[in-house]
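Letter by letter, the chains look like this.
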Amino acid sequence: MDLLILFGLMIVFFAIGVPIGICLIFPCFIMLLVNPVTSASFLAQSFYTGVASSSMIALPFFMICGNIMDKGGISRRLVAAANNCVGGITGSLGMVTILACMFFGAVSGSAVATVAAIGAIMLPEMVRSGYDKYYATGLCAVSGGLGIIVPPSYPMVIYGVTNNESIGDLFIAGIVPAILVAALLMIVNYFYCRKRGIKGDNKFHLRTALRGFWDAKWALLMPVIILGGIYAGIFTATEAAVVATVYGIIIGLFVYKEITPAQLWEEFKSTATFSGGMMWTVAPATAIGLIFAYMGINTAIATFFLNISTNKYVVMFLVVCILFFIGMFMQTTPAIVIFSPVLLNVAKAVGVSSLQFGIIMTLALAVGFCTPPVCANIFVAQSMTGLPMDKIVKPAVPFIAVLILALLMVSFIPGLSTGLLTLLNSI
């Protein structure tokens, strides 16, 4: 009965368009009137403790850093660097798009921003080179998911704060899965272009490639500073976010000189607004997690899964299916703060570490960015091109399929997410 009230009210509020924070807060207090598992004052206090974390400060700084680098002329330089790397092989422009999304994701940490920035440059070029416009748009939309898979990634920050996991370790763990996803996307693109005889025009020249990387060096240096600084113990993830922001401001204002102080101020204001809204989501979601713990829901859910099977692969397959559907219908932040503690409890019961599960959840949400009805990346690509959504989704299906394949591989092969960190710790 208690769960029916809690989730029933949430679904009703979501359906009528009530802001997410209210959708989460109001049902909690209504449920306390029926079953006072804790006091209303403690629940209100938990709203504060849910966001009173130094790690949470990293989120707005990573966001504003990505926005600054986006507006500071970085997209064009990253695309040029990627283009010089690939050369004139079959499907080179598609591969450039994937590489550029990977590079830009290492700067922005946002899937939607990656689609918008790289798509604006690459879509016209791909169409002019003979790519089907629907295929090109679908490729950009799905490749934009690399924006949250390549570290630094804001879903990884949210997951780390919610589940008390090292954000720096999550960033390191995300490197190999990001490379895996990019490689699988390139394979699909290669066979598509090979079937249609689409080849690149430019030949690979080492000097040209090095020149392109030299032009983009200041942009590409940022993730090196972040990950290197965190792993070397020079600064924490939160401090890395601040360092990256200061670095982005210096590069945008004084090196590339493609962002003005007025634009910088606007970016600060928009990031502050977005961060406030995110805090309004995280705070009540944390309270819901405490209610779940008091009511024994986490334990009950874990028991339910283990009653179905104690086989690790069966349980994780069920968990992945649930994550897949959560990503289809829910935005990233509430999905992580509400469901990750519950499902992590299940994953730990079959021997999956918190670190591995964080990467699994990030990949699952990356799939959700491309699958209806939420499909934020598809909506962005549609707004840029004016093409019907169904025409975009159909050619994107093979790319979504390999994203799901990568998700399953990371779920069942722990070394893909934890191997690099283990190797670095052994050095």
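This text goes with the structure placed above it.
In short, a report on the structure. The shown structure was predicted, so the numbers you read here are calculated from the model rather than taken from an experiment. (Residues numbered from 1 in each chain as written. Predicted model: local features only at pLDDT ≥ 70, side-chain atom pairs only at ≥ 80, totals over all residues. Heavy atoms only, no water.)

So, the packing of aromatic side chains
Aromatic rings considered in pairs are described by the distance between their centres and by the relative angle of their planes. One pass over the structure, following the stated rule, counts 7 aromatic pairs. Seen from their ring centres, Y135 and F399 are 5.5 Å apart, and the 50° between their planes marks the pair as tilted. With Y135 in helix α8 (residues 133–143) and F399 in helix α22 (residues 389–412), this residue pair connects regions lying 264 residues apart in the sequence. The class for Y135 is buried, based on a relative accessible area of 3%. An aromatic cluster is built from Y131, Y135, Y192 and F399, whose rings are joined through pairwise contacts. (Phe/Tyr/Trp six-rings, centres within 6.5 Å; stacked < 30°, edge-to-face > 60°. Helix = DSSP H or I, 4+ residues; strand = E, 2+ residues; numbered from the N terminus. Buried < 20%, exposed > 50% of the residue type's maximum accessible area, 1.4 Å probe, protein only.)

Things to note about the nonpolar core
In terms of nonpolar packing, the biggest core is built from 138 residues, with L146, V319 and F357 touching the most fellow members. When neighbours within four sequence positions are excluded, L146 is seen to be in contact with I98, C101, M102, G105, A178, V181, A182 and L185. Residues A141, C375, L387 and M389 belong to the second largest nonpolar core, which totals 10 residues. (Core = buried A, V, L, I, M, F, W, Y, C linked by side-chain atoms within 4.5 Å. Contact = heavy atoms within 4.5 Å.)

Some points on the pattern of salt bridges
Evaluated as defined, the whole model comprises 2 salt bridges. Note that E125 is salt-bridged to R128, the shortest N-O span being 2.5 Å. One end of the pair is E125 and the other is R128, both in helix α7 (residues 111–128) and 3 residues apart, which spans about a single turn. Between E266 and K269 there is a salt bridge; the shortest N-O distance is 3.2 Å. Taken together, the positions of E266 and K269, both in helix α16 (residues 261–295) and 3 residues apart, correspond to about one turn of that helix. Accessibility expressed as a relative area gives 38% for K269, which makes it partly exposed. (Salt bridge = Lys/Arg side-chain N within 4 Å of Asp/Glu carboxyl O.)

Description of helix α20 (residues 354–368)
Over its 15 residues, α20 runs 21 Å from end to end, which matches the ideal 21 Å to within 8%, given 1.5 Å per residue. Counting buried positions over the 15 residues of α20 gives 15, a clear majority of the element. (Expected span 1.5 Å × (residues − 1).)

A short note on a nonpolar patch on the surface
Together, W218, L221, V224, V242, V246, I250, F254 and V255 give the surface a local cluster of nonpolar side chains, amounting to about 670 Å² of exposed area. Every element with two or more residues in the nonpolar patch is listed here: α14 (217–231) and α15 (237–255). Among the elements that make up the nonpolar patch, the one with the highest residue count is α15 (5 residues). Assignment of secondary structure puts V242 in helix α15. (Patch = residues over 30% accessible without salt bridge, like charges linked within 9 Å, V, L, I, M, F, W, Y side chains within 5 Å. Areas by Shrake-Rupley, 256 points an atom, 1.4 Å probe, with all protein chains shown as cover.)

Focus on α22
Helical geometry: 3.6 residues make up each α-helical turn, so side chains three or four residues apart lie on a common side. The end-to-end C-alpha distance of α22, which contains 24 residues, comes to 33 Å, matching closely the 34 Å that a straight helix rising 1.5 Å per residue would cover. Approximately 50° is the largest bend angle found in α22, and it occurs at V397, with the proline P398 only one to four residues beyond. (Bend = angle between axes of the 7 residues up to and from the residue.)

Some remarks on the packing of α7 against helix α21 (residues 376–385)
The axes of two packed helices give the description: the angle between them and the distance between them. The interhelical angle for the contact between α7 and α21, taken along N-to-C directions, is 35°, at an axis separation of 9 Å. For α7 against α21, the interelement crossing comes out right-handed. Contacts between α7 and α21 pair A111, V112, V115, A116, G119, A120 and L123 from the former with A376, N377, V380, A381, M384 and T385 from the latter. Here the residues of the contact of α7 with α21 sort into 10 nonpolar, 3 polar and no charged. (Axes fitted to C-alpha atoms, helices over the stretch in contact; angles between N-to-C directions. Left-handed = near helix turned anticlockwise from the far one by under 90°. Nonpolar A, V, L, I, M, F, W, Y, C, P; charged D, E, K, R; others polar.)

Points about the state of the cysteines
Inspection of every chain in the model, using the stated rule, returns 0 disulfides. No disulfide involves C101; its sulfur sits 6.2 Å from that of C140, the nearest cysteine. Note on C101: relative accessible area 1%, which makes it buried. (Disulfide = S-S within 2.5 Å.)

So, the side chain of T245
You can see T245 is positioned in helix α15. Not counting residues up to four positions away in its chain, the partners in contact with T245 are F61, I64 and C65.

Overview of the environment of G197
Residue position: G197 is located in the loop between α12 (175–196) and α13 (206–215). As for G197 and M295, which are separated by 98 residues in sequence, their C-alpha atoms are 60 Å apart.

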